[in-house]
Amino acid sequence: MIKVSPSILAANFLNLQQELDKIKTADYLHIDVMDGHFVPNITFGFPLLEALNRVDTLPLDVHLMISDPSRYVDRFMDFGARIIAVHIEAETHLHRLLERIKSRSVEAFVALNPHTPVNALESILPFLDGVLVMTVNPGFTGQKFISLAAEKIRQLDSIRREKGLSYQLAVDGGINLNTAPTVVEYGADILVMGAAIFRSDSPKEVIEKVKELKR
Ligand code: DX5
Ligand code: ZN
């Protein structure tokens, strides 16, 4: 079954609790951490995670769009992250970092910017719990889906089958009810959705429709 991870970046921060109530039927809560350095935007960090960790939320899916993620991953894990996605473009010692994440039984995902080819991951694929394929240039919610980048899901799905690997495929950026069927057909397992959920009149219905999609 397809999993949905609503991106809190698109939520109304003045009513966060109400926003969280709208997405109870989703599978994860996607947290976009941006540092104004790796991406041209600054969002939120530890205080938000700490607050979410104190209430009963969906499992946290933390997407780190920060330079030098190894400096901070431990703290994100301390605040209860279930998944941590680090960008391959942001880390020199990726294998070491992934081992550190996995040693704490947190799921280690690697994110790929739209321009980064699948073969950059080749030697590390067997270590991964998942790949996060970006279908927008990271930084903002509500951007247009880049279909060329989505092709990578198809590539990663066939490598997974050929090599008998079990990493999950997540996709992030411009996913809505029009683009979701395509990425599901390509092999995506987890769909991150910001604007399409939080800016919809019926988030619950959107989540339901996506979860019903079949490959
Ligand atoms: C973009 C973020 C996304 C974003 C998705 O940099 O990583 O998670 O919030 O938002 P939508 O679904 O609106 O493109
Ligand atoms: Zn994201």
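Residues numbered from 1 in each chain as written. Chains lettered and ligands numbered in written order. Predicted model: local features only at pLDDT ≥ 70, side-chain atom pairs only at ≥ 80, totals over all residues. Heavy atoms only, no water.

## Here's the deal with the packing of aromatic side chains
For step 1, the next point in the chain: Within this structure, the stated rule accounts for 4 aromatic pairs.
For step 2, the next point in the chain: Ring geometry for Phe-13 against Phe-44: centres 5.9 Å apart, planes inclined by 80 degrees, an arrangement best described as edge-to-face. Remark: Phe-44 occurs in the loop between β2 (29–34) and α2 (46–54) and Phe-13 occurs in the loop between β1 (3–6) and α1 (16–22); sequence separation between them is 31 residues.
For step 3, the next point in the chain: Judged by its relative accessible area of 44%, Phe-13 is partly exposed.
For step 4, the next point in the chain: Between Phe-46 and Tyr-72 the ring centres are 6.3 Å apart and the planes differ by 45 degrees, which places this aromatic pair in the tilted class. Of this pair, Phe-46 sits in helix α2 while Tyr-72 sits in the loop between β3 (60–65) and α3 (73–78), and the two are 26 residues apart along the sequence.
For step 5, the next point in the chain: For Tyr-72, a relative accessible area of 28% gives the class partly exposed.
For step 6, the next point in the chain: Connected via pairs of aromatic rings, a cluster forms that spans Phe-46, Tyr-72, Phe-76 and Phe-79.
For step 7, the next point in the chain: One Lys or Arg, Arg-75, reaches over the ring of Phe-46 and ends 3.9 Å from the middle of that ring. (Phe/Tyr/Trp six-rings, centres within 6.5 Å; stacked < 30°, edge-to-face > 60°. Helix = DSSP H or I, 4+ residues; strand = E, 2+ residues; numbered from the N terminus. Buried < 20%, exposed > 50% of the residue type's maximum accessible area, 1.4 Å probe, protein only. Lys NZ or Arg CZ within 6 Å of the ring centre and 35° of its normal.)

## Things to note about the nonpolar core
For step 1, the next point in the chain: If you look at the biggest cluster of nonpolar residues, it comprises 73 residues, and the most contacted ones within it are Ile-31, Ile-84, Leu-121, Val-131 and Leu-191.
For step 2, the next point in the chain: Leaving out residues up to four positions away in the same chain, Leu-121 has contacts with Ile-88, Val-110, Leu-112, Leu-128, Val-131 and Leu-156. (Core = buried A, V, L, I, M, F, W, Y, C linked by side-chain atoms within 4.5 Å. Contact = heavy atoms within 4.5 Å.)

## Overview of the coordination of the zinc ion (ligand 2)
For step 1, the next point in the chain: Looking at the zinc ion (ligand 2), the protein donor atoms are His-30 (NE2), Asp-32 (OD), His-63 (ND1) and Asp-172 (OD), and they sit 2.0 to 2.3 Å from it.
For step 2, the next point in the chain: Coordination at the zinc ion (ligand 2) comes from 6 donor atoms whose angles at the metal span 72 to 169 degrees, giving a geometry best classed as octahedral.
For step 3, the next point in the chain: Sequence spacing among the residues donating to the zinc ion (ligand 2) works out to H-x1-D-x30-H-x108-D.
For step 4, the next point in the chain: Judged by its relative accessible area of 4%, Asp-32 is buried. (Donors = N, O, S within 2.8 Å, 3.2 Å for Na, K, Ca; no water. Tetrahedral: all angles 85-135°; square planar, octahedral: opposite > 155°, others 65-115°.)

## Digging into the pattern of salt bridges
For step 1, the next point in the chain: This structure, assessed with the given rule, holds 14 salt bridges.
For step 2, the next point in the chain: Between Lys-211 and Asp-27 there is a salt bridge, and its shortest N-O distance comes to 2.7 Å. Taken together, the positions of Lys-211 in helix α8 (residues 203–211) and Asp-27 in the loop between α1 and β2 put the pair 184 residues apart, joining distant regions of the chain.
For step 3, the next point in the chain: Overall, the relative accessible area of 14% leaves Lys-211 in the buried class.
For step 4, the next point in the chain: Here Arg-100 ties to Asp-74 by a salt bridge, and the two come within 2.6 Å at their closest N and O atoms. With Arg-100 in helix α4 (residues 94–102) and Asp-74 in helix α3, the pair connects residues that are 26 residues apart, well separated along the chain.
For step 5, the next point in the chain: One network of salt bridges, with partners in common, ties together Asp-157, Arg-160, Arg-161, Asp-189 and Arg-215. (Salt bridge = Lys/Arg side-chain N within 4 Å of Asp/Glu carboxyl O.)

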